[in-house]
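# An overview of the molecular structure
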Amino acid sequence: MTSTSATAARVRARTGGPKDDGPKIVEHVAGWTLVVVLAMLVTQLGLL
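For clarity, every value in this text was computed on a predicted model and none was experimentally measured.

### Re the overall build of the chain
When helices and strands are tallied, the chain shows 2 helices and 0 strands. Put simply, the chain has 48 residues, and 2% of those count as buried. Surface exposure of the chain reaches about 4700 Å², of which carbon and sulfur atoms provide 68%.

Structure below.
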């Protein structure tokens, strides 16, 4: 491995994944908000 490719591998930006620790409460709130909005849409359109 050349020094250029080794340096490029170290400065590569993180793209997100299982090792990223973020604010889990935000993810939960966003998920439940999506569920509620989807339920309201289904109800309003009479699909249920």
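This is not the end of the story, as more comes after the structure.
### Here we look at helix 2 (residues 24-45)
End to end, helix 2 covers 32 Å across 22 residues, agreeing with the expected 32 Å (1.5 Å per residue, within 8%). Two residues or fewer past helix 2, G46 is found with a positive phi of approximately 70°.

### Details of the UniProt feature "transmembrane region" (unreviewed entry) in the chain
According to UniProt, the "transmembrane region" (unreviewed entry) feature falls on residues 29-47. For the annotated span residues 29-47, helix accounts for 89% and strand for 0% of the residues, and the straight-line distance between the end C-alpha atoms is 25 Å.

Cut-offs applied
Residues numbered from 1 in each chain as written. Predicted model: local features only at pLDDT ≥ 70, side-chain atom pairs only at ≥ 80, totals over all residues. Heavy atoms only, no water. Helix = DSSP H or I, 4+ residues; strand = E, 2+ residues; numbered from the N terminus. Buried < 20%, exposed > 50% of the residue type's maximum accessible area, 1.4 Å probe, protein only. Areas by Shrake-Rupley, 256 points an atom, 1.4 Å probe, with all protein chains shown as cover. Expected span 1.5 Å × (residues − 1). UniProt positions renumbered as here; feature names shortened; annotations may be inferred.

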